[in-house]
Structure formats: C-alpha cells, structure tokens
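Residue-level structural notes
Here are the chains, one letter per residue:
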Amino acid sequence: MKRLCFTTLFALGAYSAFAQTTSSTTDVQGIITAIIVLLALLAMVAHMLYENFFRKALRTDYTAAEFRGLRKEQSLGDMTAQEAMEIDSNIDQIIALWGELPNEDGDMVPYPLKHSVVKKSLATLEQAIAAMPTNSRIVERINDANEILNHARKRQFNGSKAMVITAVIVGIVLSAIAGSAEAAISIGVGIALYLLASRSATFLIAAKQQKGGNGTSFLSGIIGGLFMGVATAKTYKTVTTYSDGTTKTETDNSETWISLIFGLVIMVVLSVMLALISVINYLRNYIIYW
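Described in the following lines is the structure provided in the data block. This structure is a prediction, so every number in the text was calculated from the model and none was measured. (Residues numbered from 1 in each chain as written. Predicted model: local features only at pLDDT ≥ 70, side-chain atom pairs only at ≥ 80, totals over all residues. Heavy atoms only, no water.)

Here's the deal with the nonpolar core
Spelled out, the test is: Note on terminology: a nonpolar core comprises buried Ala, Val, Leu, Ile, Met, Phe, Trp, Tyr and Cys residues joined through side-chain atoms within 4.5 Å. Using a 1.4 Å probe on the protein chains alone, a residue whose accessible area is under 20% of its type maximum counts as buried, one over 50% counts as exposed, and one in between counts as partly exposed. Helix numbering and strand numbering both begin at the N terminus, where a helix is a DSSP run of H or I of at least 4 residues and a strand a DSSP run of E of at least 2. Whether two residues are in contact is decided by their heavy atoms: any pair within 4.5 Å suffices.
With 30 residues, the main nonpolar core has Y111, L125, I142 and F203 as its most contacted residues. Broken down by secondary-structure element, the contributors of at least two residues to this core are α4 (64-73), α5 (81-96), α6 (115-130), α7 (136-153) and α10 (202-210). Non-local contacts of F203, meaning those with residues more than four positions away in its chain, are made with Y111, P112, L113, K114, H115, V118, A152 and Y289.

Focus: α6
Stated formally: Working rule for helices: expected span equals 1.5 Å times residues minus one.
Between its terminal C-alpha atoms α6 stretches 23 Å, which fits the 22 Å expected from 16 residues at 1.5 Å a residue. Residues H115, V117, V118, S121, L122, T124, L125, A128 and I129 constitute the buried set of α6. The secondary structure elements touched by the buried residues of α6 are α4, α5, α7, α10 and α13 (274-288). Positive phi appears at M132, one or two residues downstream of α6, with a value of about 50°.

Here's the deal with α5
Here α5 contains 16 residues, and its C-alpha end-to-end distance of 22 Å stays within 8% of the 22 Å for a straight helix at 1.5 Å per residue. Considering only its buried residues, α5 is in contact with α6 and α7.

Considerations on a nonpolar patch on the surface
This is how it is decided: A patch consists of residues exposed above 30% relative accessible area that lack any salt bridge, with like charges linked at up to 9 Å and nonpolar side chains (Val, Leu, Ile, Met, Phe, Trp, Tyr) linked at up to 5 Å. Only the protein chains shown count as covering a residue, and every accessible area follows the Shrake-Rupley method with a 1.4 Å probe. Salt bridge, as used here, is a side-chain nitrogen of Lys or Arg placed within 4 Å of a carboxyl oxygen of Asp or Glu.
A contiguous nonpolar surface patch, about 690 Å² in accessible area, is contributed by W257, L260, I261, L264, V265, V269, V272 and M273. Locating L260 in the fold gives a position in helix α12 (residues 254-272). By relative accessible area, L260 is classed as partly exposed at 31%.

Re unusual backbone geometry
Of note, S75 is a non-glycine position whose phi angle comes to about 60°, a positive value. Within the fold, S75 resides in the loop between α4 and α5. Residue S75 is classed as exposed on the basis of its relative accessible area, which comes to 68%. Notably, M132 is not glycine yet its phi reads approximately 50°, a positive angle. Checked against the element boundaries, M132 lands in the loop between α6 and α7.

Any functional reading would require information that these geometric values do not contain.
Written out as structure tokens, the structure reads:
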C-alpha cells in the first residue's frame, strides 16, 4: 500500500516535470519541485527498465538431489510422506485457480489469468521451494509451474503502434514549423516512455483475449475512428440549372475539412500528452497489475 501511494503521488506529477524542467523560471520553489518530480520520473523509468530487462526469471531446473544436498547440510533427512502430500495439495490448490489457454497443439492447458492468482502462485511455490522437497514428482511440478509463470510474467508491447507512428509524424511536423527540435525531443521522450509503459504482462494480454478482446489498443481505436470520420465525410453537390439550359455545379467539402481539422487537432493533443498517458499505463501495467 505504501509503495502504491508513493508511486501514485510522483506519477501524477510526472507530466508536469516536462513543462517545469524546460521553463526558464528562477523561482526556487519551482526548481525544487521540478527536481523532485524529475527524480521521481527517473525512478519510474528505472523501475520499468528493471522489470523488462533485469528481473531474474524463476528457476526451472531444480532437482531432488539439489534439495537433498541442502537438507543434508542442515542435518535433515528426506521429506516425509506427510510433508510431500501437503506441498502437493498446495500446488493443486493454486493450479485449480488458473484458467485455461490452448497450447501450440491446440490442447487446453492450465494458465494463470489474474493478477491475484499470479501473486498467490508465486507465494505458494516460494514456500514449496523453501521446504526443500526431495520428492522428484513435486520438484518436477514446481519446475513446470515456474516455467508457466515465467511466460505469464513476460512483458509484451500492448499499446498502439498507430499512436507511436502518429506521434513521430507530429513531432517532426511541429519541429519543422517551429524551426526548433524542442517539440521533437519532448514528444520523443513521450514516445520512449509510452513504449516502456505499455508493455503488459502476458497473462493480462491473454486474459483480455480470452474475454473476446481483439487486441486493439484504445488509442488505436481513437485514431482509427478519426480516419474513418474523414473517409466517410460527405461531399455535397449543388447543381443549378439556368433558363438557357446551362448548369452550374458547386461542391461543398466543408464536412471533410471539419473532420480533417478535428482529427489533426486530436492527434496533436494525444501526441503532446503521450508522457501523461505513459504514466497512466505505468500505474496499470507495473503497479496495479504488474
């Protein structure tokens, strides 16, 4: 709870760091605030980098002989039948909470689909490993479960590729118009944060797909809707026939232009706010559901 509260506090202010750190204010309080928020933002980035590239995977190569050796070092004998039965039952209980997904052969296999279930599974398996089981079948079950959990916790980009492409274009255009690279750099930072913050754990993506989701990001839906609005905008033609038999045709494309201008404004706003969107995605993907 403390971790969530702390992260929420600095995450809500992360977006303001971009404005405050690039301003020319000499106000001491403003500078201190900017430094604090910037440090918080760096902590957020460090957390995301750790989760994606440095977090160690769960071991999947335990052996009964290894645990037997550890027990021998502590002057303990092999695990009793009662202890083995208890661990076996605990593993059964967590797997019973898992859902099912088809494997490469199309067969349905157990797979965790909820954050709470993943957490409980990790805790249960940690206890099982700490008990140093010498039963080969239980050790094999631990390795198999760890392998599935490694896959479930692996992160994949689950954001909007269309949003990334749009932001790149907007950054280049704004910088060209302004004659400065500031816009491109600012939006570029937002894109980098978005690419990291939008990497969801595989079990979240799998759960969404199992519920009928098509895998389309919310932002992709917005951008697709804007393009659809432009494509389906109506063109009105007015034909005037004069007494001498001649005609004059007038074309009204105002609906198309209005849709185009509206779409461009929305895309610019989304691109500029990509850093804030990234903070929201970070809270969802790394703090609430990790």
